[in-house]
Amino acid sequence: MMNLRTTHRARLAAAGVAAAMALVGLGNAAVAADEPPSTPVPVATPEGQTFSYVVNAKHANPGQTRLAERAVAAAGGVVVQSWPEIGVVVAHSANETFRADVVGLARAGSVASVGVTRTVPVSEGTPAAVEDVPGAKGAPKESKVTKHVGVGVVEDAAAAAVPDPGEATQWDMAMIKADQAIEINPGDPEVLVGVLDSGIDATHPDLATQVDAAASVNCTAAGRPDTSATGWLPTTSDHGTHVAGTIAAADNEVGIVGVAPGVTMASVKVVNDDGFIYPEYAVCGFVWAGLHGMDVTNNSYYIDPFMYWCSDQPDQAAAKEAVRRAIDFSTERGAVHAAAAGNAATDLATNTVDTSSPNDSTPVRRTINSGCEDIPTEADGVVTVSSVTSTGALSSFSNRGLGKIDVAAPGSAIVSTELNGTWDTKSGTSMASPHVAGVLALLKSTHPDWSPAQLEQAVREQADDRPCGTTTAGPACVGTLEENSFFGDGLVDALDAVTLG
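Residues numbered from 1 in each chain as written. Predicted model: local features only at pLDDT ≥ 70, side-chain atom pairs only at ≥ 80, totals over all residues. Heavy atoms only, no water.

J.: I'd like a description of the sheet that holds strand 11 (residues 336–340), backed by residues and values.
T.: Spatially, 7-6-8-5-9-11-15-16 is the arrangement adopted by the eight strands of the open sheet, whose pairing is mixed. Because the sheet does not close on itself, it has two edges, and the strands there are strand 7 (224–226) and strand 16 (407–410). Each neighbouring strand pair of the sheet contributes to a mean axis angle of 30°, computed without reference to strand direction. Examined bridge by bridge, strand 5 (residues 192–197) and strand 9 (residues 296–299) share four bridges and lie parallel to one another. Counted as the bridge partner of Leu-196 is Asn-299 from strand 9. The sheet strands contacting helix 8 (residues 279–291) are strand 5, strand 6 (217–221), strand 7, strand 8 (264–269), strand 9 and strand 11, and the helix crosses strand 6 at an angle near 160°. (Pairing = 2+ DSSP bridges. Helix = DSSP H or I, 4+ residues; strand = E, 2+ residues; numbered from the N terminus. Axes fitted to C-alpha atoms, helices over the stretch in contact; angles between N-to-C directions. Contact = heavy atoms within 4.5 Å.)

J.: Quick one: what's the story with the packing of aromatic side chains, residue by residue and with numbers?
T.: Taken as a whole and judged by the stated rule, the model has five aromatic pairs. Between Tyr-278 and Tyr-281 the ring centres are 5.8 Å apart and the planes differ by 70°, which places this aromatic pair in the edge-to-face class. Tyr-281 shares its class with Tyr-278; the two are buried. Residues Phe-306 and Trp-309 carry aromatic rings whose centres are separated by 5.1 Å and whose planes lie at 75° to one another, so their mutual orientation is edge-to-face. Residue Phe-306 is classed as buried on the basis of its relative accessible area of 5%. (Phe/Tyr/Trp six-rings, centres within 6.5 Å; stacked < 30°, edge-to-face > 60°. Buried < 20%, exposed > 50% of the residue type's maximum accessible area, 1.4 Å probe, protein only.)

J.: Break down empty space enclosed by the protein for me, with residues and values.
T.: Per the counting criterion, the structure on display carries one cavity of 30 Å³ or more. In this structure, the largest cavity encloses a volume near 30 Å³. Considering the residues around the largest cavity, the lining is formed by Val-43, Val-116, Thr-117, Arg-118, Thr-119, Pro-305, Phe-306, Trp-309, Asp-315 and Gln-316. Among the residues making up the lining of the largest cavity, the classes are represented as five nonpolar, three polar and two charged. (1 Å grid on protein atoms, 1.4 Å probe; cavity = no way out; pocket = protein on both sides within 12 Å on 5 of 7 lines; lining within 4 Å. Points joined across faces, edges and corners; volume = space filled by probe spheres on them. Nonpolar A, V, L, I, M, F, W, Y, C, P; charged D, E, K, R; others polar.)

J.: Any chance you could break down helix 2 (residues 62–74) for me, citing the residues and the numbers?
T.: Along its 13 residues, helix 2 runs 18 Å from first to last C-alpha, staying within 8% of the 18 Å computed at 1.5 Å per residue. All of the buried residues along helix 2 are Gln-64, Thr-65, Leu-67, Ala-68, Glu-69, Ala-71 and Val-72. Among the structural elements, strand 1 (51–57), strand 2 (77–83), strand 3 (88–93), helix 3 (98–105) and strand 4 (111–116) are those in contact with the buried residues of helix 2. After helix 2 finishes, the residue Gly-76 shows a positive phi value of roughly 85°. (Expected span 1.5 Å × (residues − 1).)

J.: Could you give an account of the pattern of salt bridges, naming the residues involved and the relevant values?
T.: For the coordinates displayed, the defined rule picks out 15 salt bridges. When the shortest N-O distance is used, the salt bridge between Lys-320 and Glu-373 registers 2.9 Å. Here Lys-320, found in helix 9 (residues 314–332), pairs with Glu-373, found in strand 14 (residues 372–373); they are 53 residues apart in sequence, far enough to count as distant. Comparing Lys-320 with Glu-373, the two get one shared label, buried. (Salt bridge = Lys/Arg side-chain N within 4 Å of Asp/Glu carboxyl O.)

J.: I'd like a description of the environment of Leu-394, backed by residues and values.
T.: As for its placement among the helices and strands, Leu-394 is situated in the loop between strand 15 (382–388) and strand 16. Of the residues examined, Leu-394 reaches a relative accessible area of 2% and is grouped as buried.

J.: Pulling in residues and values, what's your account of the sheet that holds strand 3?
T.: Read across the open sheet, the four strands follow the order 2-3-1-4; overall the sheet is antiparallel. The sheet is open, and its two borders are formed by strand 2 and strand 4, each paired with just one other strand. On average, each strand axis in the sheet is tilted by 25° relative to the strand beside it, whichever way the strands run. Summarising the sheet, strand 1 and strand 4 pair through five bridges and their orientation is antiparallel. Within strand 4, the residue paired with Asn-56 across the bridge is Ser-113. Each of strand 1, strand 2, strand 3 and strand 4 touches helix 3; the most contacted strand, strand 4, lies at about 170° to it.

J.: Please give an account of the environment of Cys-219 that cites residues and values.
T.: Following the sequence through the fold, Cys-219 ends up in strand 6. When neighbours within four sequence positions are excluded, Cys-219 is seen to be in contact with Arg-224, Val-268, Lys-269, Val-270, Tyr-281, Cys-284 and Gly-285.

J.: Please give an account of the state of the cysteines that cites residues and values.
T.: In this structure the tally under the stated criterion is three disulfides. Paired through a disulfide, Cys-468 and Cys-477 show a sulfur-sulfur distance of 2.0 Å. The sign of the S-S torsion, about -70°, decides the handedness of the disulfide formed by Cys-468 and Cys-477: left-handed. Within the protein, bonded cysteines paired by disulfides and numbered along the sequence follow the pattern 1-2, 3-4, 5-6. (Disulfide = S-S within 2.5 Å.)

Function cannot be inferred from these measures alone, as they are strictly geometric.
Structure (structure tokens):
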């Protein structure tokens, strides 16, 4: 998972505190009555410095969203992007009392919550007002994208059996039986996997036939979809390219082979050039996935600047709610989601302290409670993935947690595609999650009519049980053979995905 740190410091302007404290995000995890409140992280928004906000309409419909847009304008903000499908408006403002003013100026209680999405001013600039950009207002209509250009279907088992040179190094594929699975079903080219990450190098010989440019997008332009020809390509990071290779590197006698080489990918760029994934970027990515018919998304990141987003902190709750709505929208449109559990060797079920957030300014030591969640991995409807080594042990860096981890997959020293037509190894739960995304794609290929809930259930039920074991770092394993804190329901199984009903 990815994050970077800068050196800015921020405090919350007194004018914004009272209004912010009155706002609570909808649908977020509840905090138990006997738990302490989480530690506040005040965010200053000084007059004249432009910050980014999410504004959540009370109801997710176009009418309420328009009312939220009007409140943004009246409060001295610019509507950067409006998502009427989920009732979320992304706004920029240099007004220090913007949060309070939006609430005060919203008609008939049309705004449910508003929150600043980062602890530092925007670095990417403010795009022209939405109304000044032809066709930019609201989300695009669902399009009939030309999927899978150049993607060939393996015609027979003999063709599939020709090994790629790097397959011998792919212990991970053998461990989850992907090498056997693709002999039966390499994946359907009509299955589209959204790689929400830092971009995919579509010139790579293992990826050139695998990426649908028409379905790809850059979401780091302040959270507004950028469909320019180069926007979704990687700039400063090879992370997304590595992830993409694990999912669907071509079976082409070159390099390596992905879990599901027959499926198609879309590059959904949500990581900016400084390495941050802010809430508005993720919202854009998930809504885009829903609007463009993606069947699976992979999410090898946590949303910055907080490792844990707390429901009892107004700014964090508002951003968390916007992301929740976006995930739910894409799920309702047919997408199932895999996400990395994280690399802090932490038990997500019992952790009460965070010392890494906010990572875009100065981290503070925070008390966290059960309403503080690592998103998107702890969001409802997301398959949470821990990492194992080549011996089957939990990777020392991997997060864990009983009731938090759904399945496990290889994530230590994984060979995959890199920039400039090369291959290399990376480690992390970021590398484990795309194995599961690939298996979900195989499941969708085998059962095209299955819903996201059915796919999620199947990937858990088909996982191979793994008993509790030891690891070199972090809390010990708890639970049973059938479900435990290290491996959840077990090690993901690609062969079962293409053979079991």
